[in-house]
Amino acid sequence: PMPNINFLEWDGLTRIVFTRKNKSLSALFKSKSVLELLNKNYQIYCSLNETMVEENFDIKSKVNEILEACGFSNTRARTMSNDQLLKLLEGFNAHGIHFTS
């Protein structure tokens, strides 16, 4: 059966992770353009759900926290299975970070 996911988000995640498939995920998610995209999407998500963004919110530390919690910070994209990518997407979505606006 097909997983119950937003395929635009799946596409956004895989585009980020496989841009440089030999880099670790923590290195990929530290790039300025990725952090800006995720921060913008997080703020849009919060405004749509009428949630206040924390005053000292730091997207970089939030992303690192999620990667550590999922256990993928030192993992390389080329070694990940589809189930692991789904777990990563689920981890980001659970914290309100989405890959589409």
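So, here is what we can say about the structure in this document. Keep in mind it's a predicted model, so treat the numbers as computed, not measured.

### Remarks on unusual backbone geometry
Even without being glycine, E50 reaches a positive phi, approximately 50 degrees. Here E50 is to be found in the loop between α3 (32–48) and α4 (59–70).

### Some points on the packing of aromatic side chains
Each aromatic ring pair is summarised here by two numbers: the centre-to-centre distance and the angle between the ring planes. With the rule as written, the count across this model stands at four aromatic pairs. With centroids separated by 5.3 Å and ring planes inclined at 80 degrees, the aromatic side chains of F92 and F99 adopt a geometry described as edge-to-face. A relative accessible area of 0% places F92 in the buried class. Joined through ring pairs, the aromatic side chains of F29, F92 and F99 make up one cluster.

### Topic: α3
Residues separated by three or four positions in an α-helix point in the same direction, a consequence of the helix having 3.6 residues per turn. Over its 17 residues, α3 runs 24 Å from end to end, which matches the ideal 24 Å to within 8%, given 1.5 Å per residue. Burial in α3 covers these residues: V34, L35, L38, N41, Y42 and C46. One side of α3 holds all its buried residues, which, seen down the axis, span an arc of 140 degrees. Of the residues in α3, the exposed ones pointing more than 90 degrees away from the buried face are K32, S33, S47 and L48. Contacts made by the buried residues of α3 are with α1 (7–17), α2 (25–28) and α4. E50 sits one or two residues past α3 and shows a positive phi near 50 degrees.

Thresholds applied
Residue numbers run consecutively from 1 along every chain, following the written order of its sequence. pLDDT decides what is reported in this predicted model: residues at 70 or higher carry local features, side-chain atom pairs at 80 or more are listed and counted, and totals for whole chains, interfaces and linings draw on all residues regardless. Only hydrogens and water are removed before side-chain values are computed, so all heavy atoms of the structure are retained for them. Strands are runs of DSSP state E lasting at least 2 residues, helices are runs of H or I lasting at least 4, and numbering of each runs from the N terminus. Classification of ring pairs rests on two measures: the distance between centres of Phe, Tyr or Trp rings, Trp counted by its six-membered ring, which must be within 6.5 Å, and the angle between planes, read as stacked under 30 degrees, edge-to-face over 60 and tilted in between. Each residue is assigned to one of three classes by its accessible area relative to the maximum for its type, calculated with a 1.4 Å probe on protein chains only: buried under 20%, partly exposed between the two thresholds, exposed over 50%. To estimate the expected span of a helix, subtract one from its residue number and multiply by 1.5 Å. Regarding the arc, it is the one traced by the directions from the helix axis to the C-beta atoms. Whether two residues are in contact is decided by their heavy atoms, any of which lying within 4.5 Å being enough.

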